[in-house]
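Coordinate analysis (summary)
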Amino acid sequence: MKSVLLGAVLAVATLVAPPPASAMSLGSYLLHIPERRDFHTYVWSLIAPCRNPDNTKRTDCIDAEIMPQPIAKAVYSKVPAWLADGRYTMVIDDPFGLRCGDIYYGPTIPTHDVYTWDATTLTGQMVSSFAAGCDGAPGGQITYPFSLTRM
């Protein structure tokens, strides 16, 4: 009788227990990128697998919607996040990516941002490239570490 009861309790626990916190699944995530000079926070909505031309679901790609909070001087993006070898990669061309001078009202410079992150740890880096820097400085790139938290 004890083993039947224990089996029933374990079965119910598996049905109601949340998925492991370290595993990436479809859903919404908050982007933490503390070293980037930006006044926005970003919500990533990763809620649908990419589709093949015949409308079948892909297992190596998620459609990602990137939503800045607030939306002022920030770009809303909808891009694919590709999975390979346990890491996702996503590319965003951001017309406001590099902020110069006053963080709220100063000039901005377009960037080409490549995000890569581990599907299990939800940590990664964003490499932001730009053709010219602030105040006439030469172009270059900056690498920012980031993490994601499931909302």
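In this text, all values refer to a predicted model and were calculated from it rather than measured experimentally.

A look at the environment of Val91
- Its location among the elements puts Val91 in strand E5 (residues 87-99).
- As a C-alpha pair, Val91 and Thr116 span 25 residues in sequence and 8.9 Å in three-dimensional space.
- Apart from residues lying up to four places away in sequence, Val91 is in contact with Val79, His112, Asp113 and Val114.

Quick word on the state of the cysteines
- According to the stated counting rule, one finds two disulfides in the structure shown.
- The disulfide partner of Cys50 is Cys61, and the S-S distance across this bridge is 1.9 Å. Because the torsion about its S-S bond is -45 degrees, the bridge between Cys50 and Cys61 counts as left-handed. Of the two residues, Cys50 is situated in strand E2 (residues 41-51) and Cys61 in strand E3 (residues 57-69); the sequence distance between them amounts to 11 residues. Judged on exposure class, the residue Cys50 and its partner Cys61 are both buried.
- Looking at the protein, its bonded cysteines, counted consecutively from the start of the sequence, adopt the pairing 1-2, 3-4.

Cut-off values and rules
- Residues numbered from 1 in each chain as written.
- Predicted model: local features only at pLDDT ≥ 70, side-chain atom pairs only at ≥ 80, totals over all residues.
- Heavy atoms only, no water.
- Helix = DSSP H or I, 4+ residues; strand = E, 2+ residues; numbered from the N terminus.
- Contact = heavy atoms within 4.5 Å.
- Disulfide = S-S within 2.5 Å.
- Buried < 20%, exposed > 50% of the residue type's maximum accessible area, 1.4 Å probe, protein only.

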